[in-house]
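# Tertiary structure, described
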Amino acid sequence: MKASIVFTAIVIAAGVGVVAQRGGGRGVSPEMQEALAKQEALEKSTPRLQITEDVLGLTVPNHTIGEAVGVSKNSKGHLFVFTRSGNVGPAKGATASQLFEFDQTLKFVKQWGPDNYAASFAHTVRVDKYDNVWMTDEGANMIVKFNPQGAVSMVLGRKTEAIDYLERFSERGEKETERYTAGAMGTFNRPTDVTWDGQDNIFVSDGYNNSRVVKIAKDGKWVKALGTRGAGPNQFNTPHGITSDANNRVYVADRGNRRIQVFDNDLNPVKIISNVGAPWSICTSPAPNQFLFSGDGNGKLYKLDLDGNLVGWAQTSEGHGQTGCLVHEIHCESANVVYKGDCSTWTVEKITIKGAAGRSSAQ
């Protein structure tokens, strides 16, 4: 119950609480009320998608799967789930980060990178076109690339040493003087997600404390960083997810600013999409006929064309007994099948779009 309260507080602070999403509640700023009303009007004029939701029966022997915040699939149809589940490991406090693999029948295969140094607090998992598996750990400030056999082949970022952390903040009683840093090359500060372009350049959304996007060459050399904290162009307020398309455009889920910022693969701005509520996670369906999907923490799933036009939307997770963090990461298997992991219900869902049900009614 305590965890639910914490997550609700975080969601409301980000301006994406369910009460706020539906236009009610005290303490919502006039600007937020205007944004919510605009979004509600847009949804009323946009087809509501008919969907089926299948909660996957995932079990790990002798283990509780925990918060299934990350979900992705490889070319063989194997499912990877990055969970906030406790285990003894080298982190500041208890580790809350484990990466599990399941086969096409949802049978547990193995844990990837058990007790690895970057396992601290899970955020997302992605699989690239070569079936490399990438885990983004916001607690360790690290991104780890595993090859298809499960061996570590690249490590990006570096976490704060536990002894240094304890000495600085516990023994000497120091305080952080700058809440939102500009970010240095070579390190992250609570990164959230990773994607790639057609040349295998790496793009990272970084993150909760840094407010930027980082471009890294395929060999791990840091190339460029863009962004500071704010609401203007090329600024971010919690860049919480990232994806790319076949045209080498990079999409950043600028959650706190309730928009998706689009860039070319040299991080030059292309456009801003602001019709998806507060985007917690984004993904593109496979080429050639690609769509952009965005998920809001209140459980809403939005389907757009690559020009940013809203094709339709759906409400997921109704009746699941939770109201916050109902979408944390989404994986696009096709133009009509999306997988969803969340913080609140400790489940992974397969969402299948069956068609549109016409214009939506008021929520």
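Structure's up top.
Cut-off values and rules
Residues numbered from 1 in each chain as written. Predicted model: local features only at pLDDT ≥ 70, side-chain atom pairs only at ≥ 80, totals over all residues. Heavy atoms only, no water. Phe/Tyr/Trp six-rings, centres within 6.5 Å; stacked < 30°, edge-to-face > 60°. Helix = DSSP H or I, 4+ residues; strand = E, 2+ residues; numbered from the N terminus. Buried < 20%, exposed > 50% of the residue type's maximum accessible area, 1.4 Å probe, protein only. Lys NZ or Arg CZ within 6 Å of the ring centre and 35° of its normal. Contact = heavy atoms within 4.5 Å. Pairing = 2+ DSSP bridges. Axes fitted to C-alpha atoms, helices over the stretch in contact; angles between N-to-C directions. Core = buried A, V, L, I, M, F, W, Y, C linked by side-chain atoms within 4.5 Å. 1 Å grid on protein atoms, 1.4 Å probe; cavity = no way out; pocket = protein on both sides within 12 Å on 5 of 7 lines; lining within 4 Å. Points joined across faces, edges and corners; volume = space filled by probe spheres on them. Nonpolar A, V, L, I, M, F, W, Y, C, P; charged D, E, K, R; others polar.

## A word on the packing of aromatic side chains
One pass over the structure, following the stated rule, counts 7 aromatic pairs. With 5.3 Å between their ring centres and 80° between their planes, phenylalanine 80 and tryptophan 112 make a pair best called edge-to-face. Of the two residues, phenylalanine 80 is situated in strand E3 (residues 79-87) and tryptophan 112 in strand E5 (residues 108-112); the sequence distance between them amounts to 32 residues. Here phenylalanine 80 falls in the buried class, since its relative accessible area comes to 1%. According to the relative accessible area criterion, tryptophan 112 is buried, its value standing at 4%. Seen from their ring centres, phenylalanine 188 and tryptophan 222 are 4.9 Å apart, and the 35° between their planes marks the pair as tilted. You can see phenylalanine 188 sitting in the loop between helix H4 (162-171) and strand E10 (191-196) and its partner tryptophan 222 sitting in strand E13 (residues 222-226), a full 34 residues away along the chain. Ring pairs connect the aromatic residues Phe80, Trp112 and Phe146, which therefore count as one cluster. The aromatic ring of phenylalanine 291 is capped on one face by lysine 303, whose charged end is 4.3 Å from the ring centroid.

## Section: the environment of leucine 79
As for its placement among the helices and strands, leucine 79 is situated in strand E3. Sequence spacing of leucine 79 and leucine 106 is 27 residues, and the spatial spacing of their C-alpha atoms is 7.5 Å. Those residues in contact with leucine 79 that lie beyond four places of it in its chain are Leu56, Leu58, Val71, Ser72, Lys73, Phe100, Glu101, Phe102, Leu106, Tyr339 and Val348.

## Things to note about the sheet that holds strand E8 (residues 142-146)
What the 4 strands build is an open sheet, ordered E6-E7-E8-E9; its pairing is antiparallel. Both outer strands of the open sheet, strand E6 (122-127) and strand E9 (152-157), are each paired with one neighbouring strand and no more. Across this sheet, the average inter-strand angle for adjacent strands is 15°, counted without regard to direction.

## Here's the deal with the sheet that holds strand E11 (residues 202-206)
Strand order in this open sheet of 4 strands is E10-E11-E12-E13, and the pairing throughout is antiparallel. In this open sheet, the two edge strands, each paired with only one partner strand, are E10 and E13. For this sheet the average axis-to-axis angle between neighbouring strands, irrespective of direction, equals 20°.

## So, the nonpolar core
Formed by 18 residues in total, the largest nonpolar core has its most connected members in Phe80, Leu99, Val133, Met135 and Phe146. Elements represented by at least two residues in this core include exactly E3, E6, strand E7 (133-137) and E8. Not counting chain neighbours up to four residues away, the residues in contact with phenylalanine 146 comprise Leu99, Trp112, Gly113, Asn132, Val133, Met135, Ala151, Val152 and Ser153.

## Here we look at the layout of surface pockets
Estimates place the volume of the largest pocket at around 840 Å³. Lining the largest pocket we find 35 residues, and of these Val127, Asp128, Lys129, Trp196 and Ser244 sit closest to its centre. Of all the secondary-structure elements, those providing two or more residues to the lining of the largest pocket are strand E2 (67-73), E6, E10, strand E16 (239-244), strand E20 (279-284) and strand E24 (329-332). In terms of residue class, the lining of the largest pocket is made up of 12 nonpolar, 12 polar and 11 charged. Put simply, the second largest pocket is a space of about 650 Å³. In this structure, the second largest pocket is lined by 23 residues; those nearest its centre are Asn141, Thr160, Glu176, Asn189 and Asn209.

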